[in-house]
Amino acid sequence: MRSAHRVETVRTAERTLMAQLPDGALMQRAAAGLAAACAAALPHIYGSRIVLLTGSGDNGGDTLYAGARLAKRGAGVTAVLLNPTRTHPEALKALLRAGGTTTTPTAPTTPSLINRADLILDGIVGIGGKGGLRPEAAPLAELAAASPATVVSVDLPSGIEPDTGEVNGPAIHADLTVTFGTHKPGLLIDPAREHAGSVRLIDIGLASTLPATPDVESLQHADVAALLPHPSPESDKYRRGVVGIAAGSARYPGAAVLAVAGALRGGAGAVRYVGPAADAVLTRFPETLVSDKGPRKAGRVQAWVTGPGAGDDAAPVAEALSTDVPVLLDADGLRLADRDAVRARTAPTLMTPHAGEAAALLGVSREEVESARLTAVRDLARGYHATVLLKGSTTLIATPDDDTPVRVNPTGTPWLATAGSGDVLSGLAGSLLAAGLSPLDAASAAAYLHGLAGRYAAKGAPTIAQDVAEAIPAAWRDITA
Ligand SMILES: NC(=O)C1=CN([C@@H]2O[C@H](COP(=O)(O)OP(=O)(O)OC[C@H]3O[C@@H](n4cnc5c(N)ncnc54)[C@H](OP(=O)(O)O)[C@@H]3O)[C@@H](O)[C@H]2O)[C@@H](O)CC1
Ligand SMILES: Nc1ncnc2c1ncn2[C@@H]1O[C@H](COP(=O)(O)OP(=O)(O)O)[C@@H](O)[C@H]1O
Ligand SMILES: [K+]
């Protein structure tokens, strides 16, 4: 499990840890880890040209101490000081003692210095930052972006919002971010995540003072393997769970077929289909149990999926919501569902909007959702008393309970942005719900499998939703191997 903590939590944990350690010990741990990561990013240290973009806070301090370590090993290190009179004094002394030099952002030689560097360390601002880079720092980000040098951000790319992943103005684009103690939510959530490049976590001993429950978390193979259902010797198809799919319409039969394709590979023992696309579903998947009744009379299921390809038919959506089993609401179902009916349910509801659908439900623009995903997913979960999986470049899952960490799916790929792949996801997540997973676990495991299946199906070339569904078993095997 990857954990991320908000700035306030990190600060509290750092204060507690610092009180137990000699002065400056934590910064030395951070600088040592940072210098080692920089050394690994360079073909050789001796003779390398390293530029430190240095703000006046402790982020700049880490950077100067790391620069001093690299200078001692023979690198040519120059610090561009944003605020020479307020630079971390001891760290600056350490750099100068090690043979490093300093300059300013406005010095005529600074652009060529940055352009000719092998490595640029971004120590402008860390968790003390708010808003995009200030006018005096923004040109340095532009120069770094234009330079062929490797850019390493210290703790986080300067200019991003650490707690939310929002980017409100100019910000550094890094190849590598070396972060200290714990991930910050912004390192995991787009658009900020894109600024971070690959992320390396340095242990500075903070785990001992951080709260056990993070603010944001990201599952890995072992976590998902522990969630996925396994049939036992006593299992039969009913005990494994039956998932009902009330989806598709005369106009959109394909959505039903794709939701069934996902559901059949999601761990439930059987898939029951109700709706106008029964012929299309049976032609493709004869293993489906088809009923000509609505969700309430179709026979027992342990979870319903409703909405994909529903068009304007609100009846099956309302009927599924009136049952006492978990319901997954997707696509048209999100628009057709009555909010009060969702809020009044006693069994859990899982909603799976993309940014456009989330925007419509929240009454904001799609851009607002995409630029502030964490806020959007939490607002929806609270507003509907439901678990919400917000799809897109970063898929997030939130429960209505603010104290439960928001999950970030790490496996997605933009190749999944293909018609119908969301229908496969809804069937898959519904199947896991029917197999007995909680909405949070079903949604996270489904997104993880779906993202991996998308990668396998695409292998770097365009793919289609059916292929994503067919790749789910391979993803499942790899996760549980
Ligand atoms: N605490 C610890 O034990 C440890 C902390 N560690 C490190 O400390 C970092 C936190 O340090 P911090 O608290 O000093 O804040 P920091 O991120 O350097 O920012 C303050 C500076 O930024 C400036 N500034 C603000 N916004 C800006 C903007 N938009 N654009 C431009 N500038 C902006 C602000 O200016 P001011 O408002 O003062 O004028 C001030 O100069 C943390 O990320 C980690 O790297 C590690 O060593 C591990 C141990
Ligand atoms: N840029 C992206 N990066 C990663 N995944 C993406 C991206 N864009 C879309 N996806 C994924 O592709 C799927 C598309 O779902 P959806 O928008 O509902 O499509 P449809 O309605 O056609 O089925 C979702 O799983 C979503 O997370
Ligand atoms: K930084």
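Residues numbered from 1 in each chain as written. Chains lettered and ligands numbered in written order. Predicted model: local features only at pLDDT ≥ 70, side-chain atom pairs only at ≥ 80, totals over all residues.

For the protein, the name recorded in an unreviewed UniProt entry is Bifunctional NAD(P)H-hydrate repair enzyme, with Streptomyces capitiformicae as its organism. What UniProt records for the protein under Subunit (unreviewed entry) is the sentence "Homotetramer." (UniProt positions renumbered as here; feature names shortened; annotations may be inferred.)

As a structural note, the neighbourhood of ligand 1 is formed by 27 residues, with Gly-57, Asp-58, Asn-59, Gly-126 and Gly-128 the closest of them. Counting residues per element, the ones that place at least two in the shell around ligand 1 are α1 (7-19), α2 (25-41) and α3 (58-72). At four residues, the largest contribution of residues to the shell around ligand 1 is made by α3. Considered class by class, the residues forming the shell around ligand 1 number twelve nonpolar, nine polar and six charged. (Near = placed C-beta within 6 Å. Helix = DSSP H or I, 4+ residues; strand = E, 2+ residues; numbered from the N terminus. Nonpolar A, V, L, I, M, F, W, Y, C, P; charged D, E, K, R; others polar.)

At a minimum axis distance of 8 Å, the contact between α2 and α3 shows a crossing angle of 55°. In this view, α2 runs oblique relative to α3, as classed from their interaxial angle. For the pair α2 and α3, the sense of crossing is right-handed. The segment α2 lies against α3, with Met-27, Gln-28, Ala-30, Ala-31, Ala-32, Leu-34, Ala-35 and Cys-38 engaging Asp-58, Gly-61, Asp-62, Tyr-65, Ala-66, Arg-69 and Leu-70. Taken together, the residues of the contact of α2 with α3 sort by class into ten nonpolar, two polar and three charged. (Axes fitted to C-alpha atoms, helices over the stretch in contact; angles between N-to-C directions. Parallel < 35°, antiparallel > 145°, perpendicular 65-115°, else oblique. Left-handed = near helix turned anticlockwise from the far one by under 90°. Contact = placed C-beta atoms within 7 Å.)

Spatially, β4-β3-β2-β5-β6-β7-β8 is the arrangement adopted by the seven strands of the open sheet, whose pairing is parallel. Only two strands of the sheet have a single neighbouring strand rather than two, namely β4 (101-103) and β8 (198-202). The mean inter-strand angle of the sheet, taken between neighbouring strand axes irrespective of direction, is 20°. Contacting β2 (49-54), β3 (76-81), β5 (119-123) and β6 (150-154), α3 crosses the sheet at an angle of about 165° to β2. (Pairing = 2+ DSSP bridges.)

In this section: the nonpolar core. Formed by 156 residues in total, the largest nonpolar core has its most connected members in Ile-245 and Val-260. Inspection of this core shows a minimum of three residues originating in each of domain 1 (2-218) and domain 2 (221-480). Those residues within four positions of Val-260 in sequence are excluded, and the remaining contacts are Ile-245, Val-271, Tyr-273, Val-281, Phe-285, Thr-288 and Gly-427. (Core = buried A, V, L, I, M, F, W, Y, C linked by C-beta atoms within 7 Å. Buried ≥ 20, exposed ≤ 12 C-beta atoms within 10 Å, placed from the backbone. Domains from an automatic or database assignment.)

What follows is about the domain arrangement of the protein. On domain assignment, one finds that the protein holds domain 1 (2-218) and domain 2 (221-480). Taken over C-alpha atoms, the centre of domain 1 sits 40 Å from the centre of domain 2. Contacts between domain 1 and domain 2 engage 15 residues on the former and 13 residues on the latter. With three residues, strand β9 (residues 216-218) is the largest single contributor of residues to the side of domain 1 that touches domain 2.

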